[in-house]
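Spelled out, the chains give:
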Amino acid sequence: MRHLVDLYAAGVMRRALLEAVLVGALCGAVGAHVVLRRLPFFTITVAHATFPGIVLASILGVGTLLGGLVFATLLVVAIHVTTGNRDLDTNTAVGVALAGSFGLGVMLQSTQDGFAKDLAAILVGSVLTVDDAAVRTTVIVGALVLALLVL
């Protein structure tokens with residue numbers, strides 16, 4: 001037991017634990033909303049839609065969070081505009097957007113030599129590499145998301 005307590009004396013482990021707890025709580029709240037609104041397919045599509053935005057942001061040297069948010073927002077607007085006249089079923093548009101955005105991300109990734117390893121680290125990451133800025137970002141984004149859920 002003492003070794004476990006000693007392990008969390010390091011700042012790296014405390015940040016990792018804090019990040020895991022924050023993300024877990026946020027995912028629980030968002031997950032309940034997704035299930036109640038019957039949006040799991042749409043949510044998966046939006047999550048995958050960040051992929052080309054992250055790749056493009058990495059290529060351009062800008063923040064990957066910004067790239068992912070911009071691309072996901074563009075995709076949501078495109079789905080809304082496309083299905084607004086109801087000639088096209090929403091699930092059809094979402095399915096095309098899922099395949100298209102992921103394909104675009106893979107195509108963009110393949111244009112860069114040696115980029116696959118770096119991008120995998122960006123997309124998957126490691127909880128042990130979380131710094132104070134990432135914890136602050138999680139707190140801010142989490143507060144915004146929870147406020148939107150309450151509204």
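Reading guide: rules and limits
Residue positions within a chain follow its written sequence, with the count starting from 1. Local features in this predicted model are restricted to residues of pLDDT 70 or higher, and side-chain atom pairs are both shown and tallied only at a pLDDT of 80 or more, whereas totals for entire chains, interfaces and linings draw on every residue. Remark: hydrogens and water are excluded; side-chain values derive from all non-hydrogen atoms of the structure. In plain words, nonpolar cores are sets of buried Ala, Val, Leu, Ile, Met, Phe, Trp, Tyr and Cys residues tied together by side-chain atoms within 4.5 Å. Buried, partly exposed and exposed residues are distinguished by accessible area as a fraction of the type maximum, computed with a 1.4 Å probe on protein chains only: under 20%, between the cut-offs, and over 50%, respectively. The numbering of helices and of strands both runs from the N terminus, where a helix is a DSSP run of H or I of at least 4 residues and a strand a run of E of at least 2. Note on contacts: a residue pair qualifies if any of its non-hydrogen atoms lie within 4.5 Å across the two residues. Here an axis means a line fitted to C-alpha atoms, over the contact stretch when the element is a helix, while the angle between two N-to-C directions is reported on a 0 to 180 degree scale. For classification, angles of less than 35 degrees are called roughly parallel, those exceeding 145 degrees roughly antiparallel, those between 65 and 115 degrees roughly perpendicular, and all remaining angles oblique. For a crossing to be left-handed, the near helix must be turned anticlockwise from the far one by less than a right angle; the clockwise case is right-handed. Residues are grouped as follows: Ala, Val, Leu, Ile, Met, Phe, Trp, Tyr, Cys and Pro are nonpolar; Asp, Glu, Lys and Arg are charged; every other residue, Gly included, is polar. The sign given to each residue is positive for Lys and Arg and negative for Asp and Glu; His and the chain ends receive no count. Any carboxyl oxygen of Asp or Glu that lies within 4 Å of a side-chain nitrogen of Lys or Arg is treated as forming a salt bridge with it. Any N or O atom pair separated by 3.5 Å or less is treated as a polar contact, with the protein-specific requirement of one donor-capable and one acceptor-capable atom, and with residues adjacent in sequence counted only for side-chain atom pairs.

A. Representation of the nonpolar core in the model. A49, L75, I79, A93, V94 and A97 together form the largest nonpolar core, which totals 6 residues. Where this core is concerned, the elements lending two or more residues are helix 4 (64-83) and helix 5 (90-110). In this structure A97 touches T45, L75 and I79, once residues within four positions along its chain are discounted.

B. Summary view of the packing of helix 2 (residues 11-36) against helix 7 (residues 132-150). Put simply, helix 2 and helix 7 touch, their axes get as near as 10 Å, and they point 20° apart. For the element pair helix 2 / helix 7, the angle class is roughly parallel. Where helix 2 crosses over helix 7, the handedness of that crossing is left-handed. Listed contacts from helix 7 to R15, L18, E19, L22, V23, L26, A29, V30 and H33 of helix 2 are D132, A134, V135, T138, V139, G142, V145, L146 and L149. Here the residues of the contact of helix 2 with helix 7 are counted per class, giving 12 nonpolar, 3 polar and 3 charged.

C. A look at the side chain of E19. Relative to the elements of secondary structure, E19 occurs in helix 2. Despite its burial, E19 pairs with no opposite charge, the nearest such side chain being R15 at 8.6 Å. A polar contact is formed between the side chain of E19 and the side chain of T138, at a distance of 2.6 Å.

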